[in-house]
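Each chain, written out:
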Amino acid sequence: MAGKDAKSNAAKGKKKEVKKETGLGLSYKKDENFGEWYSEVVVNGEMIEYYDISGCYILRPWAMSIWEIMQTFFDAEIKKMKIKNCYFPLFVSSGVLQKEKDHIEGFAPEVAWVTKSGESELEMPIAIRPTSETVMYPYFSKWIRGHRDLPLRLNQWCNVVRWEFSNPTPFIRSREFLWQEGHTAFATKEEADTEVLDILELYRRIYEEFLAVPVIKGKKSEHEKFAGGLYTTTVEAFVPNTGRGVQGATSHCLGQNFAKMFEINFENEKGEKAMVWQNSWAYTTRTIGVMIMVHGDDKGLVLPPKVASVQVIVIPVPYKDADTKGIFDACAATVKSLNESGIRAEADFRDNYSPGWKYSHWEMKGVPLRIEIGPKDFANNQVRAVRRDNATKHDIPMADVVERVKDMLDNIQQSLFDAAKEKRDVCIEVVYTWEEFAEALGQKKMILAPWCDEEEVERDVKTRTKGEMGAAKSLCSPFQQPELPEGTLCFASGKPAKKWTYWGRSY
C-alpha cells in the first residue's frame, strides 16, 4: 500500500522520494460509529486480515504476540498448580457429542459437521469440536480407577469452531478461535470449588494486570450458566461506547453431571465406589478484542505495555545538514540499552518514510512509548519521549533513559487501567424499578438491580427488552454483594429480592 507506492516512486526517479503525507488516519471516529471504527482499527493496526470465509480471520503477528504473552503467563501459573498440558483430537463422533443432552442442546446450532471425504459421503458425520468435554471425558473414565488417580488436571491450547451466524466480529465473535481449555476431576466438591475460584483469579489478572481492563467477578444465573454444568463463574467486562457487557472468561464447576453420563467413577479410600467432581474453564482470543474496544482511540490501537510486543519505538529525526550518522548511532545505542534492561524496543530506520509518517504508523499500531532523537536532542545528549495514551512529551537525559522509560511504562499501564475503570464506573447505574431499568438500558448502562433469582423472570426480562439493539440479560451476580436491605423487591417481578445482579446488553 503506502510503502509499496513509495518504493516504486523511488525506483522510477533518480532521487528517493520520502513518503510524507500520513494517509494513515481512520475514516471513522470511535464515539460516532463504533462498529466501523473497530473494523477499521483491527485491520489498520495490523491485528487481523479479513479472510474469504465469513467469520474467519487471519491473526497477524501483532495480535499473535499479545496472545503469546498472555499464554506464557497463564501456562506458568497453571503449571504451578500441577495442571498438565495435553492435546485431544479436533473431531468428535456424533454419538459421543450427543451423550450429554443439555450440553449438546446448548451448542447444537453452532456445531460444524464433516460429511464428505473427497467425493465420498462419510458413513457417519463427524463434528468439529465446539468445546472438548465430550471429547475428553470417555478417556477420563478409562484413566480414573481409584482415589490415587485423582486429581486429574489437564489443559490444552487449541482452536475450536462454533459456526456463528449472527454478527461475526473480529476477536469477539468468530467461527474459529484460539483458546485454552482446562478439564479437571477431583474426589471432592470442596477441591473443585477451590480450583474454580483459583482459575477465575488468574483470568482477572489477565484482564486487569495485563490488558488493563477492569472486570467484575461473579456467578452466572441458572439461565446463563454453561449448558450441563452445576454453576458458572465469570469475569465480566464492559464496553462503555456500546453499552454492552462482555463475558471475559469463565470457570465452571460441572458437578457430577458429566461423571454420571461418562461413568467417571473411582474407588475411594474406604473402598466405596464414588463419582468424581469436575470443572472446565477457558479464556479465548476474545480477550484481545475487549482490550482494543476499551483502550483504542481515534488514532488507532492503544496497547498496554505489558502485552505490547514493541513497548518503545525509537525514531531518528534528521534534518538537513544534521549529523545523520550520529543520530542513527544514538538511536541504535538507545535500543540496545533498553533491550538489555528487558524492555522490548525497536528502531525505525526506514529511509523511504518521513518521521511524521512513522509517528502516525506507530500510533496506529498502539506502541506505548515513542522516542525521538533529532539534531537538538543529539547535541544536548537527550531523547524526547512521547506517550501514546495521553500524547505528553518528556525530554530525558541519555544517561537516565532506561530508568525513566521503565517508570513511564509502569505509569502508562496503571493509567490505562485507571482511565478504563473510571469510564466503566460512570456507566454503572443502580436501579430498583422496571421504569428505572428501562431508562438506564436506553442510556447504554451496566445496570445493578435487586433480583428474585427466578429463571422465569429472567426470560421475561429478555422478552420485554427485545428490539433492534438486542435483548437485555443478566451478566452476573457479583461476589462482592452490596447490602440488600430487608423488604427490597425484585426490579422486574416485585417479589422479594434475593441478591444484586448486573444486567445489560451483551456481546
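If you're wondering where the values come from, they're calculated on a predicted model, not measured in any experiment. (Residues numbered from 1 in each chain as written. Predicted model: local features only at pLDDT ≥ 70, side-chain atom pairs only at ≥ 80, totals over all residues. Heavy atoms only, no water.)

A. Layout of the confidence of the model for the protein. The share of residues in the protein with pLDDT of 70 or more is 95%, and the mean pLDDT across the chain is 93. The low-confidence segment residues 1-16 (pLDDT under 50) makes 14 contacts with residues lying over four places distant or belonging to another chain. (pLDDT = per-residue confidence, 0-100. Contact = heavy atoms within 4.5 Å.)

B. View of a nonpolar patch on the surface. On the surface, a nonpolar cluster with roughly 270 Å² of combined accessible area is contributed by Y51, I53 and I58. On the secondary structure map, Y51 appears in the loop between β1 (48-50) and β2 (57-59). A residue is classified by how much of its surface remains accessible, and Y51, at 48% relative accessible area, is partly exposed. (Patch = residues over 30% accessible without salt bridge, like charges linked within 9 Å, V, L, I, M, F, W, Y side chains within 5 Å. Areas by Shrake-Rupley, 256 points an atom, 1.4 Å probe, with all protein chains shown as cover. Salt bridge = Lys/Arg side-chain N within 4 Å of Asp/Glu carboxyl O. Helix = DSSP H or I, 4+ residues; strand = E, 2+ residues; numbered from the N terminus. Buried < 20%, exposed > 50% of the residue type's maximum accessible area, 1.4 Å probe, protein only.)

C. Quick peek at the sheet that holds strand β17 (residues 369-373). Ordered by their spatial adjacency, five strands build an open sheet running β16-β15-β17-β18-β19, and the pairing between neighbours is mixed. Two strands bound the open sheet, and with one partner strand each, they are β16 (345-347) and β19 (393-397). Averaged over all pairs of adjacent strands, the angle between their axes in this sheet comes to 25°, without regard to strand direction. Across the sheet, helix α13 (residues 401-426) is in contact with β15 (312-316), β17, β18 (382-387) and β19; its angle to β19 comes to roughly 155°. (Pairing = 2+ DSSP bridges. Axes fitted to C-alpha atoms, helices over the stretch in contact; angles between N-to-C directions.)

D. Fine view of the sheet that holds strand β5 (residues 112-117). Reading across the sheet, the three strands line up as β4-β6-β5 and stay open at both edges, with antiparallel pairing between neighbours. The sheet is open, and its two edges are formed by β4 (91-93) and β5, each paired on a single side. Strand-to-strand, the axes of this sheet are offset by a mean angle of 50°, without reference to chain direction. Where β5 meets strand β6 (residues 120-128), five bridges bridge the pair, whose relative direction is antiparallel. Each residue of the ladder has a partner; that of A112, found in β6, is I128.

E. Up close: the pattern of salt bridges. The tally for this structure, following the rule as stated, stands at 30 salt bridges. Among the salt bridges present, the one from E209 reaches R205, with a minimum N-O distance of 3.0 Å. Linking E209 with R205, this pair stays in helix α7 (residues 189-210), spanning four residues, or about one helical turn. When the shortest N-O distance is used, the salt bridge between D425 and R424 registers 2.9 Å. A residue is classified by how much of its surface remains accessible, and R424, at 8% relative accessible area, is buried. Through salt bridges that share partners, E201, R204, R205, E208, E209 and K217 make up one connected network.

F. Examining the packing of helix α3 (residues 61-80) against helix α9 (residues 286-295) more closely. The contact between α3 and α9 brings their axes to 10 Å, and the two run at 115°. With respect to each other, α3 and α9 are oriented roughly perpendicular. Two packed elements cross with a definite hand, and for α3 against α9 that hand is right-handed. Of the residues in α9, those touching α3 at A63, I66, W67 and M70 are T287, I288 and M291. Residues that form the contact of α3 with α9 fall into these classes: six nonpolar, one polar and no charged. (Parallel < 35°, antiparallel > 145°, perpendicular 65-115°, else oblique. Left-handed = near helix turned anticlockwise from the far one by under 90°. Nonpolar A, V, L, I, M, F, W, Y, C, P; charged D, E, K, R; others polar.)

G. Layout of the pairing of strand β8 (residues 176-186). Among the 11 residues that make up β8, nine are buried, leaving the element largely enclosed by the rest of the structure. The pairing of strand β7 (residues 152-161) with β8 spans 10 bridges and is classified as antiparallel. Within β8, the residue paired with L154 across the bridge is H183. Where β8 meets strand β14 (residues 277-284), eight bridges bridge the pair, whose relative direction is antiparallel. Its bridge partner lying in β14, E181 is registered against A282.

H. Representation of the pairing of strand β22 (residues 473-478) within the structure. β22 sits mainly inside the fold: five of its six residues count as buried. Summarising the sheet, strand β9 (residues 216-219) and β22 pair through two bridges and their orientation is antiparallel. Residue K219 lies in a different strand from β22, and its bridge partner there is S477. Pairing geometry for β22 and strand β23 (residues 499-506), over three bridges, is antiparallel.

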